[in-house]
Amino acid sequence: HLSRQDPAEIGVFESREPGSTTSLTAREAQVLQLAAHGSSNRQVASQLAISLDTVRMHMQAILRKLGAKNRTHAVAIVASRGILQFERRSAANA
């Protein structure tokens, strides 16, 4: 389970790769945060009041910047870098 963070808090970040200065824009971070919480591209578009094509454009930029193969891989990358935080759910809350 992912914890909800203000997308602006996870927004712009520097890659930890040597010599790389890849960063996500605040909007790309919002798109990725919503995707990480299970929203489809269509749902992201609705939630952010942007077009579906714009969401697709942001997702392509995210994948390119992170070197990810797909949106799940992108979420895994930012989670491993500590940009997205995962909450532990107890058995009582499951």
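Just so it is clear, the structure is predicted and the values come from calculations on it, not from any experiment.

Quick word on the overall build of the chain
Working step 1: A count of helical and extended segments in the chain gives 5 helices and 0 strands.
Working step 2: Going from the N terminus to the C terminus, the chain shows its helices and strands as α-α-α-α-α.
Working step 3: Put simply, the chain has 94 residues, and 39% of those count as buried.
Working step 4: Summarising the internal contacts of the chain: among those between residues at least 6 apart in sequence, 50% fall at separations of at least 24.
Working step 5: Just so you have it, the chain exposes about 5800 Å², and 48% of that area is on carbon and sulfur atoms.

Some points on the packing of helix 2 (residues 26-36) against helix 4 (residues 52-66)
Working step 1: Helix 4 packs onto helix 2 with a crossing angle of 95° between their chain directions and a minimal axis gap of 9 Å. Put simply, helix 2 runs roughly perpendicular to helix 4. Together, Arg-27, Glu-28, Val-31 and Leu-32 of helix 2 and Val-55, His-58, Met-59, Ala-61, Ile-62, Lys-65 and Leu-66 of helix 4 make up the contact between the two elements.
Working step 2: By residue class, the composition of the contact of helix 2 with helix 4 is 7 nonpolar, 1 polar and 3 charged.

Brief notes about the environment of Leu-32
Working step 1: Looking at the secondary structure, you find Leu-32 in helix 2.
Working step 2: In the structure, Leu-32 is positioned 43 residues away from Val-75 in sequence and 7.1 Å away in space, judged by C-alpha atoms.
Working step 3: Look past the residues within four positions of Leu-32 in its chain and what remains in contact with it is Leu-24, Ile-62, Leu-66, Ala-74, Val-75 and Val-78.

Section: the side chain of Asn-41
Working step 1: By the secondary structure assignment, Asn-41 is in helix 3 (residues 41-48).
Working step 2: A polar atom in the side chain of Asn-41 sits 2.6 Å from the side chain of Arg-71.
Working step 3: Look past the residues within four positions of Asn-41 in its chain and what remains in contact with it is Leu-52, Val-55, Arg-56, Met-59 and Arg-71.

Some points on unusual backbone geometry
Working step 1: Positive phi, close to 55°, is recorded for Ala-49, a residue that is not glycine.
Working step 2: By the secondary structure assignment, Ala-49 is in the loop between helix 3 and helix 4.

Some thoughts on the nonpolar core
Working step 1: By size, the foremost hydrophobic cluster in this structure holds 19 residues, and its most contacted members are Val-31, Leu-32, Ile-62, Leu-66 and Ala-74.
Working step 2: Among the secondary structure elements, those contributing two or more residues to this core are helix 2, helix 3, helix 4 and helix 5 (71-80).
Working step 3: Once residues lying within four places of it in the same chain are set aside, the contact partners of Ala-74 are Leu-32, Ile-62, Leu-63, Leu-66 and Ala-68.

Criteria and thresholds
- Residues numbered from 1 in each chain as written.
- Predicted model: local features only at pLDDT ≥ 70, side-chain atom pairs only at ≥ 80, totals over all residues.
- Heavy atoms only, no water.
- Helix = DSSP H or I, 4+ residues; strand = E, 2+ residues; numbered from the N terminus.
- Buried < 20%, exposed > 50% of the residue type's maximum accessible area, 1.4 Å probe, protein only.
- Contact = heavy atoms within 4.5 Å.
- Areas by Shrake-Rupley, 256 points an atom, 1.4 Å probe, with all protein chains shown as cover.
- Axes fitted to C-alpha atoms, helices over the stretch in contact; angles between N-to-C directions.
- Parallel < 35°, antiparallel > 145°, perpendicular 65-115°, else oblique.
- Nonpolar A, V, L, I, M, F, W, Y, C, P; charged D, E, K, R; others polar.
- Polar contact = N/O pair within 3.5 Å; in protein donor to acceptor, adjacent residues only side chain to side chain.
- Core = buried A, V, L, I, M, F, W, Y, C linked by side-chain atoms within 4.5 Å.

Keep in mind these numbers describe shape, not what the thing actually does.
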